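Read off the chains here:
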Amino acid sequence: MADDTGARLAAVPEPTTSLQNAAPEKAADGYLERRTLRRGSAGWLLLTGLGVAYVVSGDFSGWNVGLAQGGFGGLAIATVLMGAMYACLVFSLAELSAILPTAGGGYGFARRALGTWGGFLTGTAILIEYVLAPAAIAIFIGDYVESLHLFGLTSGWPVYLACFVVFIGIHLWGVGEALSFSLVVTAIAVIALIVFAAGAFTGFDPANLDDIAVDTSAAGASSWLPLGFLGIWAAFPFGMWFFLGVEGVPLAAEEAKDPVHSVPRALSISMGILVLLALVTFLASTGARGADAIKDAGNPLVVALEGDPGLSWLKTFVNYAGLAGLVASFFSLIYAGSRQLFALSRAGYLPRFLSLTSKRKAPYLGLLIPGAIGFALAAATGNGPRMLNMAVFGATISYALMALSHIVLRRREPGLERPYRTPGGIVTSSVAFVLALSALVATFLVDKDAAFIALAVYAVALAYFAFYSRHHLVASAPEEEFAALAEAEAELSRD
């Protein structure tokens, strides 16, 4: 039975039945045929580029605010802990994605392990991350465009609108073209980070690392921990910015070549690249100019170079490269959000029309509607940091639930066929689970208003599920069929 299950899940199954309370679409109506993605469009290289693209903008800006929260030592410890969380999570997701290679990603994993409530809780948390993060990045793109004096534009709604229209348009063109574009832009951003580090390290001075004034009233305060032990915890969300989004690679599973092997491979390689980029960016920036000088900067890499007049050319280069990095993350996060929305809608957790696909197999409403919401939020608020903290709130909830899904499946179904196995087993996913919960609490330390706003949005979504959509699920959706098959096998084994 295990071999048969793996074969059926390598592609979207044909329509079978619908749940007792499902809405009127029948198998004969071609429900799934109108909700299919273009298979085989991405190999491991494009998927690796996607994993790095999700994250690379975080190397150019945002992480440095953690210096203001915890100083160099506090942010360094937070980054190591959050890096460990992501590494453990990535290894856990590699196993889960090999078991269930569908567009559902985190929702699909949790649906199998934790039931419909677990699936919806996880999928909704991921959506909060992937709808709000592009809105925040659009604002940052506007700031870069203005600082570079491009086309005489100033940061505002015309820039945000252009971002959403142009890059959603590329996604509507086709997934293969979209991921190829993302890979090229991401490569430019990564090369720029390496060139930046090479230049910044020429002025590296260890004394610059701990030059933030010490708050003597804070418990455990020192030059390395100027805001004390609590500063480490408060820096967690900013340590995450070096890795935030890499967990979205499994959302491309239905469009990947050989997803059972290519997705785990891409996850592992992209995580390794991100760890190296985080290390060199953090050390080079802080050591070149000083933690105090860059802790509040909107473009910390450029500020880090201001102490050396001979590197003015590099400042200009990094400015443009920062724009490329922001574009890469913005572009890829739109992709991830559309695929998570597509999977939840296809299974009936969200309105089903959102999962309809075009002739080019793109979930057009799943791209356009979140894009419209993101544009409206960017234009109305202009507050990128707050939206990013809300995105981190959703991300940490999803991480905890995905790690828990790995633990549950390992314990409940030890005999399940696993083409890839997580090193360390449930110890690895348990570490991810504990650290994710710690990071969730840290979002309230940084901006409790943002965290409570995200919590309110989450509560409204859960009310929709509780009172309506859980009674109208579609059993023929891949993730639902996989869970139903598992339940039937368990029932047979009990008999």
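Residues numbered from 1 in each chain as written. Predicted model: local features only at pLDDT ≥ 70, side-chain atom pairs only at ≥ 80, totals over all residues. Heavy atoms only, no water.

For the rest of this paragraph, the subject is the environment of Leu356. Examined against the element boundaries, Leu356 turns out to sit in the loop between helix H13 (312-346) and helix H14 (364-381). Owing to a relative accessible area of 19%, Leu356 belongs among the buried residues under this scheme. A C-alpha to C-alpha distance of 8.1 Å links Leu356 and Gly366, two positions 10 residues apart in sequence. Discounting chain neighbours no more than four positions away, the residues touching Leu356 are Arg34, Arg35, Ala362, Pro363 and Tyr364. (Helix = DSSP H or I, 4+ residues; strand = E, 2+ residues; numbered from the N terminus. Buried < 20%, exposed > 50% of the residue type's maximum accessible area, 1.4 Å probe, protein only. Contact = heavy atoms within 4.5 Å.)

Throughout the structure, instances matching the rule amount to 24 aromatic pairs. Summarising the aromatic geometry, the rings of Tyr107 and Tyr349 are spaced 5.1 Å apart at their centres and angled 65° between planes, so their arrangement reads as edge-to-face. One end of the pair, Tyr107, is in helix H5 (residues 106-147); the other, Tyr349, is in the loop between H13 and H14, and 242 residues separate them in sequence. Of the two residues, Tyr107 and Tyr349, neither departs from the other in class, the shared state being buried. In textbook terms, an aromatic cluster arises when at least three aromatic residues are bridged by ring pairs, as seen for Trp63, Phe72, Tyr86, Trp224, Phe242, Phe243, Phe282 and Tyr399. Its end group placed over the ring of Trp44, Arg265 keeps NZ or CZ at 4.0 Å from the ring centre. (Phe/Tyr/Trp six-rings, centres within 6.5 Å; stacked < 30°, edge-to-face > 60°. Lys NZ or Arg CZ within 6 Å of the ring centre and 35° of its normal.)

Taken as a whole and assessed by the stated rule, the structure comprises nine salt bridges. Of the charged contacts in the structure, one is a salt bridge between Asp296 and Lys295, with a shortest N-O distance of 3.7 Å. By relative accessible area, Asp296 is classed as exposed at 60%. The network of salt bridges with shared partners includes Glu95, Arg410 and Arg418. (Salt bridge = Lys/Arg side-chain N within 4 Å of Asp/Glu carboxyl O.)

What is expected of a backbone is that most residues other than glycine have negative phi and most peptide bonds are trans. One non-glycine residue, Asp258, lies in positive phi territory at about 50°. Within the secondary structure, Asp258 is located in the loop between helix H9 (236-239) and helix H10 (259-289). Asp258 sits in the partly exposed class, given a relative accessible area of 45%.

A separate point is the nonpolar core. Within soluble globular proteins, side chains that are nonpolar generally end up buried alongside one another. In terms of nonpolar packing, the biggest core is built from 158 residues, with Ile141 and Tyr399 touching the most fellow members. Take this core: its biggest share by element is 20 residues, from H5. Apart from the residues lying within four places of it in its own chain, the contact partners of Ile141 are Val159, Cys163, Leu323, Leu326, Val327 and Phe330. (Core = buried A, V, L, I, M, F, W, Y, C linked by side-chain atoms within 4.5 Å.)

Look at helix H17 (residues 448-467): 28 Å from first C-alpha to last across 20 residues, which is about the 28 Å you get at 1.5 Å a residue. Packing partners of the buried residues in H17 comprise H5, helix H15 (384-412) and helix H16 (426-446). (Expected span 1.5 Å × (residues − 1).)

For the chain, per-residue confidence averages 85 on the pLDDT scale, and residues scoring 70 or more make up 89% of the total. Under a pLDDT of 50 for its full length, residues 1-28 has, in the predicted model, 54 contacts with residues more than four places off or in other chains. (pLDDT = per-residue confidence, 0-100.)

So, on to the environment of Leu354. For Leu354, the position within the fold is in the loop between H13 and H14. Separated by 14 residues in the primary sequence, Leu354 and Leu368 have C-alpha atoms spaced 9.5 Å apart. Ignoring anything within four residues of it in the chain, the contact list for Leu354 reads Leu341, Ser345, Leu365, Gly366 and Ile369.

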